Structures are given as C-alpha cells and as structure tokens.
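What the coordinates show
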Amino acid sequence: RMQNSRSKPCSCPSLKLREVASMYFTLVAAFLVILVVALQGSAPRQSHFPYKVPLDPQGLLELSWNVSYPEQVVHFQLLVRDLRFGLLFGMSDRGEFENADLAVLWSDGHNSYFGDAWSDAKGQLHMDSQQDYQLLGAHRAPEGLYLLFRRAFSTCDPKDYLIEDGTVHLIYGILEQPVHSLQAINASALHGGLQRVQLLKPNISIPQLPRDVKTMEITAPDVVIPSQETTYWCYMTELPEGFPKHHIVMVRGRRRGLLFPQGGSVIAFTSCKFHVTGGLSDPGIFPNVVPKPLPGLPRQSAFYYPEEAGLAFGGPGSSRYLRLEIHYHNPLVFEGRRDSSGIRLYYTATLRPYDAGIMELGLVYTPVMAIPPGEDSFTLTGYCTDKCTQLALPAAGIRIFASQLHTHLAGRKVVTVLSRDGRERRVVNADGHYSPHFQEIRMLKEVVAVFPGDELITTCTYNTEDRSRATVGGFGILEEMCVNYVHYYPQTQLELCKSAVDPGYLHRYFNLVNRFNDEEICMCPQVSVPQQFYSIPWNTFNRDVLKSLYGFAPISMHCNKSSAVRFP
C-alpha cells in the first residue's frame, strides 16, 4: 500500500492499456471458481517453500513462502486446515484491517471465488482493478486446502502494499458465513489477527555446524516474576576452571534472555535479540508476562555466525563468569508468574579465522533526547562519527554481516546509513514498518565494509499521538531508545559509538522556552531533565525549536571501549 520514496521506479502500462487490463482482470477475479483454476504462472514445488509461520494461535492457517529476487516476486502457499466460507489474507502498514491490500477467498454457499481486493478506511472491501495477487493453484489434502499464489514486490498499483526489506504486518480474517459478493465483506468485523514477518529474507545459505560442536544452556531458574511493571533480573553462572577459548557459532533462544560475560562483553538474546556489548546495555523490551506469546510465533529460533567468524569466549584473559539478564515487562502487575527463559549456545574448539564483535550505534540512553507528545512522525538521529571510526577501526576496516534495530513502544521506523567523505554511500539496515514487538537479528543481504573515517548514522521515527507528555530517552518501557546493534568482524575495542545533543545547548533551549512562554518552566539545579521536559507547554514554537536544536546543535559523542572507557 505504501509506495514510498525509497521504492524503485516501476514501468507502468499506458492508461488505456491499463483500463482494458483492469476490466479483463476484474471479470476474471469475479468469476474465477477455485475448482477450475486458471493457472497464471508456473507454480514452485511444495518443497521449495523454505519459510513457514502459523498465522493464528490455533494453527489453522499456516503460511509458507519463497522469494525470487531475479523475478522480484514472492510465492505464497497458504494451508487452510478448517475452511468455512472463505478467508482474507494480506498486508497493511501496521496490521490494521483498514486500508489493507488483500487476497480474498470467499464462497456464496455454492461456488468459491478468489480475487485481489483492498479495504477502505472503514474496512469495506473493494475489488482491485489491477489483479496482482495471482492464483497459481489450489488442491485439497488430508491436512486441509492448499492455496498457491504469487505477488510482485512492486506493482505500480496505488492500492497495493509495497513489499520491501524489513518487517511486514500480515493480516488474516475468517469468513464464518457465506457472502453473496466480495463487496458484502467488512474486514473490520471479521474474526482475525496479525502476524509479523520478514518476507524478503536474504538469499544466504545456513552454514553447517562443525562436527565438534557442543551446547551450553543458560536459563533463569524458575524465577517468580515480581508483581511490578518493570524488573531487570540477573543470574550468574561460571565456566569450568581452565575453560579454553572457543567460538560460539550459533545461538538459540528460549523465550527471552541476556547473557553478560562479567568484566568483558555481553551476549544478549531477547526472543529476537542477540548482541555483544560492554558496560551498560539495554536488555531488551519484549514482554515476558503479557501479552502471552503466540504458540509457535516466529521468534528468532536460531542465529548463525558466518563460516569465517565466531563469538569468542573462554581462554586466557577472558572472564569465567556469565550473567543472564532478563527484562520483564509486566504492565498488568500479575502475581506468581514463573519464567525459565534463557539461551542455548552452540560452540566449537575449532576456531574460525575471525573473532566477531557487536557494536552499538545510535543514541545514548539519556533523557536529553526527547519526543514531544502528540507527534505522528518525530525523528531523532544518533551519530557514529568519522573521528571515532578513524581512532578505533583497523586500517583494513570491519565487515558488518548482521544487524538488530531497536526502539521502545513509540518507534515506527529505523534506518542506519553509511556515509563516506560527507556523502551517503549505502543503507546498512532499514525498517520502514518497524515494530517493537518483532525484533530480530537480521542477516544483511551483502556484507557492509566500514573503514576508518566512515560515519554510521542511525535515525529513528516515533509516534506519540497517544501520549500527553514528553517521552524522554532511557531504559523504561515508556521511555525511548534508538539503537542498531551491528554484528561484524574482526572484533575491535570499539563497542559503543553513539551520540546525544550537547547538554549545554539543551539548557539554552530550556532558557529560551522559558523566556518566550507565559508558563514558567522550572530550571532549578535540583530539577531533572525529564521534569523540565514534562513542564514544557508543547505549542508549535516549542516543538519547532526542539527539532532545530536536535538538527543543528553540537553533539556529545560516546566512542567507548568494552570497558566503558572512552577513546581519547
């Protein structure tokens, strides 16, 4: 549905040709009976669907798919285990049933039909004049009905969703009663739900695990989760004495958890999150109490390191202590809930050519970066500057192979770009439909080389329309972050490369706002930065000046080693 500015230009037929084609495909869609399927393309064999996810909690709808980058097409296979009178499947900006791009199977009680449709702002369905969900086949099996169809990434149709890198919100709805026409369906009134996936998976093969691989599981020991909104819970474990250096080559999560080698780097895995940092780091925001995770929800079941690198632990000079840290978010303050989250490490004594590392990019966790209330699209940017990479990176540079974007609940978009000699060279990772409820480490389609003097710029877009006071940066779930955890090799001492606005210039902002507003803002030394933000009357002037401050004021740069000591 969103053909945004980053989409590639597509070649569209002339208006007259499109009108003729639209009339033809509308007729085909309206009268296409499933039992006599008209093939519109070659269908891949069922074994050619490497990605699979249940759509609903009961597992009645199961989606499989593959991606053809040469054709710029996604092939879908939808298994319907209990077909009633039809269903709808599609995509929308954030999982809404309104303004959605849909493939619909419906029955009037006698015949079944398939068509490409869209829903309006009220959820009412309309047949699309351009049929871009192409039905390839349908057949029954003992386990249910299989539907096979395809969809191009970009279609030139303003009613269609643009399939691009990053998160895709898939929606589904079940038709409980027969309907006489597609126009009689209101998507908003259906029993349905959403599932978040990364449709455009990179075309990368999974490395073979070494023959001498061993496993180590580190979990919370049946913790009773405190009856408070936010808890950070830690559990210590110790490696055997004399444990030699190994490489971790794969990590699999058990629900959510973080692992910190004490005094060294940190391994973190929170459902779909795994990173290695030093000093203080964000332990993730996935709710472990409510809402309850969907059974079989596609959390990141495993993260594989590339064949040339592994995460080092053990050996001389390495800490023997590991710390598992879990962030419990319990907004309904349940009592007596227990948890055994953790991670399983797959490691080998056969060392790979490179030690891998993880670097934090973006904004420092500080309240000096704030978002006014009532904003539909407010951006904040964090910098890893050329001076920091010049000091900290080796002459041959580093290679970024994976990335995990991270914000809290107000985050809507995240992008990191690489800049060289003052010019943007390439996007490292971007998610235009980002959701804090679906965070995972994503392998990059191509390794990104970063050299001394390069800049890495991370920008986050937030929506605070449902909030009545400013949202400041910090660790709390209702505070905000803007982070990209990049996985790279060879490991360097640089573990955190982030920025924030210079605090002195923020103080000037508070003084300015105080001078030009009738309401006095308390700027006493004992008043915290959040309290000063909370006292601001958010008129247009105060909002615009804050945006200008963040866009043009000097920054405070954090160029840190794993020991949390800054580079000089």
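The structure under discussion appears in the preceding block.
Residues numbered from 1 in each chain as written. Predicted model: local features only at pLDDT ≥ 70, side-chain atom pairs only at ≥ 80, totals over all residues. Heavy atoms only, no water.

Another point: the overall build of the protein. Scanning the protein for helices and strands turns up five helices and 36 strands. Expressed as a percentage of the 568 residues in the protein, the buried residues total 52%. Here the contacts in the protein between residues at least 6 apart in sequence split such that 76% fall between residues at least 24 apart. Carbon and sulfur atoms form 52% of the exposed surface of the protein, whose accessible area is close to 25,100 Å². (Helix = DSSP H or I, 4+ residues; strand = E, 2+ residues; numbered from the N terminus. Buried < 20%, exposed > 50% of the residue type's maximum accessible area, 1.4 Å probe, protein only. Contact = heavy atoms within 4.5 Å. Areas by Shrake-Rupley, 256 points an atom, 1.4 Å probe, with all protein chains shown as cover.)

With that out of the way, let us pick up the pattern of salt bridges. Summed over all chains, the structure comprises 18 salt bridges. Between Lys52 and Glu62 there is a salt bridge, with its nearest N and O atoms 3.8 Å apart. On the criterion of sequence distance, the pair formed by Lys52 in strand 1 (residues 51-54) and Glu62 in strand 2 (residues 61-68) is long-range, its members being 10 residues apart. With a relative accessible area of 53%, Lys52 lands in the exposed category. Between Asp421 and Arg425 there is a salt bridge; the shortest N-O distance is 3.8 Å. The class of Asp421 is exposed, set by a relative accessible area of 68%. A cluster of three or more residues bridged by salt bridges with shared partners is formed by Lys52, Glu62 and Arg81. (Salt bridge = Lys/Arg side-chain N within 4 Å of Asp/Glu carboxyl O.)

Tracing the sequence through the fold places Ile398 in strand 28 (residues 398-406). Remark: the alpha-carbon pair of Ile398 and Gln491, spanning 93 residues in sequence, is separated by 8.0 Å.

With respect to topology, five strands assemble into an open sheet ordered 1-2-3-9-8, the strand pairing being antiparallel. A single partner strand is all that each edge strand has here, and the edge strands are strand 1 and strand 8 (134-141). Taken over all neighbouring pairs, the strand axes of this sheet differ in orientation by 20° on average, direction set aside. Examined bridge by bridge, strand 3 (residues 73-80) and strand 9 (residues 144-152) share eight bridges and lie antiparallel to one another. When the bridges of strand 9 are listed, Phe76 appears paired with Phe149. (Pairing = 2+ DSSP bridges. Axes fitted to C-alpha atoms, helices over the stretch in contact; angles between N-to-C directions.)

Take the state of the cysteines next. According to the stated counting rule, one finds three disulfides in the structure shown. Here Cys388 pairs with Cys559 through a disulfide, and the sulfurs are 2.0 Å apart. Classification of the bridge connecting Cys388 and Cys559 rests on its S-S torsion, roughly 85°, and on that basis the disulfide is right-handed. Of this pair, Cys388 sits in helix 2 (residues 386-392) while Cys559 sits in strand 36 (residues 555-561), and the two are 171 residues apart along the sequence. (Disulfide = S-S within 2.5 Å.)

Right, let's talk about helix 5 (residues 540-552) for a bit. For helix 5, built from 13 residues, the straight-helix expectation of 18 Å at 1.5 Å per residue is met to within 8% by its first-to-last C-alpha distance of 18 Å. Among the residues of helix 5, Asn542, Arg543, Val545, Leu546, Leu549 and Tyr550 are the ones counted as buried. Along the axis of helix 5, the buried residues cluster in a sector spanning 170°; they form a single face. Helix 5 presents Thr540 and Phe552 as exposed residues on the side facing more than 90 degrees away from its buried surface. For helix 5, the elements touching its buried residues are strand 26 (370-371), strand 27 (378-384), strand 35 (494-501), helix 3 (503-516) and helix 4 (529-534). (Expected span 1.5 Å × (residues − 1). Arc of directions from axis to C-beta.)

So yeah, pure geometry; function would need other evidence.
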